[in-house]
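Spelled out from the first residue to the last, the chains are:
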Amino acid sequence: MTPNQNHGVRYTGLIDKYRDRLPLSADVHAVSLGEGATPLIKLQNVSRLLAVDVEIYVKFEGVNPTGSFKDRGMTVAVTKAVEQGSRAVICASTGNTSASAAAYAARGGLKALVLIPEGNIALGKLAQAMMHGAKVIQIQGNFDHGMALVKSLAENAPVTLVNSVNPYRLQGQKTIAFEIVEELGRAPDYHCLPVGNAGNITAHWIGYTECARNAGDETTAACGFCDGHCSLTRQRTIQHRPTLVGYQAAGAAPFIANQFVDHPETVATAIRIGRPQSWEFAWTASRESGGWFSSVTDEQILRTQKLLAEQEGVFCEPASAASIAGLIGDLEQGKIEEGSIIVCTVTGHGLKDPDTAIELSAKPVTVPAQQDAVRKIVMEHLDG
Ligand code: F0G
C-alpha cells in the first residue's frame, strides 16, 4: 500500500502489501497491475439449492488484472526477472499464463514469448497475448509438449522461464491464502480448487502453512499479520490449515489415475494437462492436508459453470467451475461434513472463453425495432 494524500491508502498490488513475506528485497520496484485483493463471495442461491448446512465461499480470481490467478505469481516472477536484468520471459501455456506473462512483461519493459497448443486455447486468452505484443508461437502439440520445449530452451537462451516451475510464481500465488485467512479470521475447513499443472494447489499449501506457522501458539501468539493487537489475534482461530481438495477434468486426470496421461482431453482447455510439473509437491500438499483428488466430467463442469453464472452472478471459465462441480459431488457423497466452512478458488473469468459461454446459453431473439414486438417478448419472459 502507498499513502495517497488525497484518498488515504491506495492499494498497489500484492507485492507492496505482503513484501515482508515474499523473497524480494525491500526496495525492489514492483512490476504490478494492482493484482490480488479479490472478492471472497459467499454463495447464497447455490447453497440453498444444495440444501446442505455448509458455508461456501468463492475466491473470485477472475477479477485480477488479466482475468486469472496467474497475475499473483506473475507480478513476483516478472519483478524478479527485471531485478535480475532479464530482457525477456518465456512460457508454455493453456492460455492464462501466456496472457498474464504478456501483460506483466509489457508493464516491466520485457519481451514475451509464449507457446500455446494450436486450436486448444480460449479466444479471449489468445487475444490478450496478441494484444500485449507477445510473440505467440502455436505448437502442433499440447501443453505438456510446450512445457518440455520451454524448459530446455530457457536453459540455453537468455530468457526467463515464467511457468510455475519458477519458484517466484508460487511465492506470489501463496498470497491467496493470506487474503482468505485475513478475511475469514481463520483458515477454512476445506479448500477446493481445480488442478492442472498443480502449481496453484502447491502455492495454496505454502500460503496456508505460512499462516499457521505465523499464528503459532494458540493462546499467546499474534495472528501472523500484526504485532498481536488486532481482532484476529483476539479471536485466535486461525492456527489450523484446511483440507485441500483438488479437482481434475475426467479426461485429463493424472492425479486420479496416479500416473501421467499422454492424451489429455477436456472442454476445460485451461486444465488440459497430462504431466503436471508440480507432481510431487501437489501430492505432498494433498497428503499433509488430509485431502484428496477427484475428477469431474465435462458435463458436470459446464452445468456448474452455468449454475454459478445464473444463480450467483459469478461468470467463470470452465476450468474454474471444476472446483464447485467437484465440491457439489463430494457434498452429495457426504465426504464433507455439515457445518464446514469451504472456500473454492474460482481461477479465471468467464469472458476468457466466450465461445463456450455462447454455446451454453439461450440464443438472443431478433425482432423488429417496434413496441409491440418487444413487448410480446417481455411479457412472455416475465411469465416464463
Ligand atoms: N484454472 C485456470 C483458469 C487455469 O488457467 C489453470 C492453469 C488452472 C486452473 C490450474 O492451475 O496449473 O496451477 O494447477 N493454467 C495454466 C496456463 C496451465 O497455462 O494458463 P495449475
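This text goes with the structure placed above it.
**Topic: the packing of helix H8 (residues 175–184) against helix H9 (residues 199–215)**
Then, number 1: At a minimum axis distance of 7 Å, the contact between H8 and H9 shows a crossing angle of 45 degrees. Here H8 is positioned oblique relative to H9, judged by the angle of their axes. Seen from above, H8 lies across H9 with right-handed handedness. Here Ile 176, Ala 177, Phe 178, Ile 180 and Val 181 of H8 lie close against H9, whose contacting residues are His 204, Gly 207, Tyr 208, Glu 210 and Cys 211.
Then, number 2: A class-by-class count of the residues in the contact of H8 with H9 yields seven nonpolar, two polar and one charged.

**Some thoughts on the side chain of Thr 79**
Then, number 1: Relative to the elements of secondary structure, Thr 79 occurs in helix H3 (residues 70–83).
Then, number 2: A polar contact is formed between the side chain of Thr 79 and the backbone nitrogen of Val 31, at a distance of 2.8 Å.
Then, number 3: Looking at Thr 79, its side chain comes within polar contact range of the main-chain oxygen of Thr 75, at 2.6 Å.
Then, number 4: Residue contacts for Thr 79: discarding those within four places in its chain leaves Ile 15, Leu 24, Val 28, His 29, Ala 30, Val 31 and Met 74.

**Some thoughts on the site of the ligand**
Then, number 1: Around the ligand sit 20 residues in total, of which Ser 93, Gly 196, Asn 197, Ala 198 and Thr 347 are the nearest.
Then, number 2: Take Thr 97: an N or O atom from its main chain is 2.8 Å from an oxygen atom of the ligand.
Then, number 3: In isolation the ligand offers 470 Å² of accessible surface; the protein chains occlude 99% of this area.
Then, number 4: Taken atom by atom, the bulk of the ligand overlaps the largest cavity.
Then, number 5: Contributing elements (two or more residues each) for the shell around the ligand: helix H4 (96–108) and H9.
Then, number 6: Of the residues belonging to the shell around the ligand, the class tally is eight nonpolar, 10 polar and two charged.

**A word on helix H14 (residues 318–332)**
Then, number 1: A rise of 1.5 Å per residue sets the reference length of H14, with its 15 residues, at 21 Å; its end C-alpha atoms lie 21 Å apart and thus fit the reference within 8%.
Then, number 2: Within H14, 14 of the 15 residues are buried, leaving the element largely enclosed by the surrounding structure.
Then, number 3: The first or second residue beyond H14 is Gly 334, which carries a positive phi of 70 degrees.

**Observations regarding empty space enclosed by the protein**
Then, number 1: A complete count under the given rule lists one cavity of 30 Å³ or more for this structure.
Then, number 2: There is about 300 Å³ of room inside the largest cavity.
Then, number 3: Lining the largest cavity are 26 residues, with Phe 69, Lys 70, Asn 197, Ala 270 and Ile 271 positioned closest to its centre.
Then, number 4: Elements that contribute at least two residues to the lining of the largest cavity include exactly H4 and H9.
Then, number 5: Among the elements that make up the lining of the largest cavity, the one with the highest residue count is H9 (three residues).

**As for the nonpolar core**
Then, number 1: Ile 56, Leu 327, Ile 342 and Cys 344 are the most contacted members of the largest nonpolar core, which totals 32 residues.
Then, number 2: Taken together, the elements giving at least two residues each to this core come down to strand E4 (55–60), strand E9 (190–194), strand E10 (243–249), strand E11 (292–296), helix H13 (298–312), H14 and strand E12 (341–346).
Then, number 3: Those residues within four positions of Cys 344 in sequence are excluded, and the remaining contacts are Ile 56, Tyr 57, Val 58, Lys 59, His 191, Cys 192, Ser 323, Ile 324 and Leu 327.
Then, number 4: Of all hydrophobic cores here, the second largest spans 20 residues; its members include Ile 15, Val 28, Val 181 and Val 343.

Conventions and cut-offs
- Residues numbered from 1 in each chain as written.
- Predicted model: local features only at pLDDT ≥ 70, side-chain atom pairs only at ≥ 80, totals over all residues.
- Heavy atoms only, no water.
- Axes fitted to C-alpha atoms, helices over the stretch in contact; angles between N-to-C directions.
- Helix = DSSP H or I, 4+ residues; strand = E, 2+ residues; numbered from the N terminus.
- Parallel < 35°, antiparallel > 145°, perpendicular 65-115°, else oblique.
- Left-handed = near helix turned anticlockwise from the far one by under 90°.
- Contact = heavy atoms within 4.5 Å.
- Nonpolar A, V, L, I, M, F, W, Y, C, P; charged D, E, K, R; others polar.
- Polar contact = N/O pair within 3.5 Å; in protein donor to acceptor, adjacent residues only side chain to side chain.
- Near = heavy atom within 4 Å.
- Areas by Shrake-Rupley, 256 points an atom, 1.4 Å probe, with all protein chains shown as cover.
- 1 Å grid on protein atoms, 1.4 Å probe; cavity = no way out; pocket = protein on both sides within 12 Å on 5 of 7 lines; lining within 4 Å.
- Sits in = over half its atoms within 2 Å of the grid points.
- Expected span 1.5 Å × (residues − 1).
- Buried < 20%, exposed > 50% of the residue type's maximum accessible area, 1.4 Å probe, protein only.
- Points joined across faces, edges and corners; volume = space filled by probe spheres on them.
- Core = buried A, V, L, I, M, F, W, Y, C linked by side-chain atoms within 4.5 Å.

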